[in-house]
Amino acid sequence: MSDESNLVTDNLQIKTDRQYWIYIALSIFGLSITPILCFTQAMYLEGSILLLLTIIFITRWCIAVFRTIILSSTGITVKFLWIRGDIPWDEVRVSFESYKNSVLHSRYTLYGAAVFYRRSVYFRKPKSWQPLNYNIFVHPFSFVYVYFPEQKNYEGPDPYPLKKQVLEEKLAAWEIRHENRK
């Protein structure tokens, strides 16, 4: 019984802040205005294409943001609705990244993140891209990251917040090495 309870408490379960739904709802409203205007002007093909692109973008954004990430001593588990994927630690390279001097960051951004790269994926995320943007536009399912909320310059909900010290302690306890990528 105590072994099972240690396994449960040894895991880190990371979810996006619940207030993030407000961003999604406002984006759906904002992005749907143009297709609706196209439909009112009898531009049905253009409106349909824009509506389809809006639905694809919002779906990819929801997949990228509303998964559940579970870090354990055996590896990473990613869950979204009924879909579940397990990645063992020997297939993952962990990288701590800093975005303070990035050209592509906005005023409202998180400056630090831990990115879990799959070793089998040849294309690596450019270091100037924020993990959330890369996750939405390139790899919504197979890309895993957590943000360090203590390294941000705004107040608001965070996707996958986890304190850097907690992650470092867990990785050290599980004997997982990481690299620092500036």
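Note that this is a predicted model, so its numbers are computed, not measured.

Trainee: Mind showing me how you'd approach the overall build of the protein chain here?
Mentor: Of the regular secondary structure elements, the protein chain holds 5 helices and 8 strands. Put simply, the protein chain runs from its N terminus to its C terminus through helices and strands in the order α-β-α-α-β-β-β-β-β-α-β-α-β. Per-residue burial over the protein chain gives 40% buried out of 182 residues. Across the protein chain, contacts joining residues at least 24 apart in sequence account for 62% of those joining residues at least 6 apart. For the protein chain, the accessible area works out to roughly 11,100 Å², and carbon and sulfur atoms hold 60% of it.

Trainee: What am I meant to see in the side chain of E97 here?
Mentor: With respect to the helices, strands and loops of the structure, E97 is situated in strand β5 (residues 92-98). Reaching out from E97, the side chain makes a polar contact with the side chain of Y117 at a distance of 2.5 Å.

Trainee: Sorry if this is basic, but what is going on with unusual backbone geometry here?
Mentor: Most of the time, phi is negative for any residue but glycine, and the peptide bond is trans. For L81, which is not glycine, the phi dihedral falls at a positive 55 degrees. By the element assignment, L81 lies in the loop between β3 (75-80) and β4 (83-88). One non-glycine residue, E175, lies in the positive phi region at around 60 degrees. Relative to the elements of secondary structure, E175 occurs in the loop between α5 (164-173) and β8 (178-181).

Trainee: Help me understand the confidence of the model for the protein chain in this model?
Mentor: Where the model shows low pLDDT, its predicted coordinates should not be examined in detail. On average, the protein chain scores 78 in pLDDT, and the residues at 70 or more come to 82%. Confidence, expressed as mean pLDDT per element, reaches its minimum in the protein chain at helix α1 (residues 2-10) with 47 and its maximum at strand β2 (residues 68-71) with 90. Per-residue pLDDT stays below 50 along residues 1-8; that stretch engages in 0 contacts with residues further than four places along the chain or on separate chains.

Trainee: Sorry, what's going on with the packing of aromatic side chains here?
Mentor: Throughout the structure, instances matching the rule amount to 11 aromatic pairs. Aromatic ring contacts, followed pair by pair, group Y117, Y134, F143, Y145, Y147 and Y160 into a single cluster.

Trainee: Explain helix α2 (residues 20-40) to me, please; I cannot follow it from the model alone.
Mentor: At 3.6 residues per turn, the α-helix brings residues three or four places apart onto the same side. Taking 1.5 Å per residue as the helical rise, α2 with its 21 residues ought to reach 30 Å, and the 31 Å between its terminal C-alpha atoms agrees with that figure. Along α2, the sharpest kink reaches roughly 30 degrees, centred on I33 and followed within four residues by the proline P35. Of the positions making up α2, those classed as buried are Y20, I24, S27, S32, P35 and C38. On its buried face, α2 sits against α3 (44-65) and α4 (131-137). Positive phi appears at A42, one or two residues downstream of α2, with a value of about 60 degrees.

Trainee: Quick question: what am I supposed to make of the pairing of strand β6 (residues 112-118) here?
Mentor: Along a regular strand, successive side chains alternate from one face of the sheet to the other. Within β6, 6 of the 7 residues are buried, which leaves the element mostly enclosed by the surrounding structure. With 7 bridges connecting them, β5 and β6 associate as antiparallel partners. The partner of R93 across the bridge, within β6, is Y117. Relative to strand β7 (residues 144-147), β6 is paired through 4 bridges, and the arrangement is antiparallel. By the bridge assignment for β7, A113 is matched with Y147.

Reading the values: the criteria
Residues numbered from 1 in each chain as written. Predicted model: local features only at pLDDT ≥ 70, side-chain atom pairs only at ≥ 80, totals over all residues. Heavy atoms only, no water. Helix = DSSP H or I, 4+ residues; strand = E, 2+ residues; numbered from the N terminus. Buried < 20%, exposed > 50% of the residue type's maximum accessible area, 1.4 Å probe, protein only. Contact = heavy atoms within 4.5 Å. Areas by Shrake-Rupley, 256 points an atom, 1.4 Å probe, with all protein chains shown as cover. Polar contact = N/O pair within 3.5 Å; in protein donor to acceptor, adjacent residues only side chain to side chain. pLDDT = per-residue confidence, 0-100. Phe/Tyr/Trp six-rings, centres within 6.5 Å; stacked < 30°, edge-to-face > 60°. Expected span 1.5 Å × (residues − 1). Bend = angle between axes of the 7 residues up to and from the residue. Pairing = 2+ DSSP bridges.

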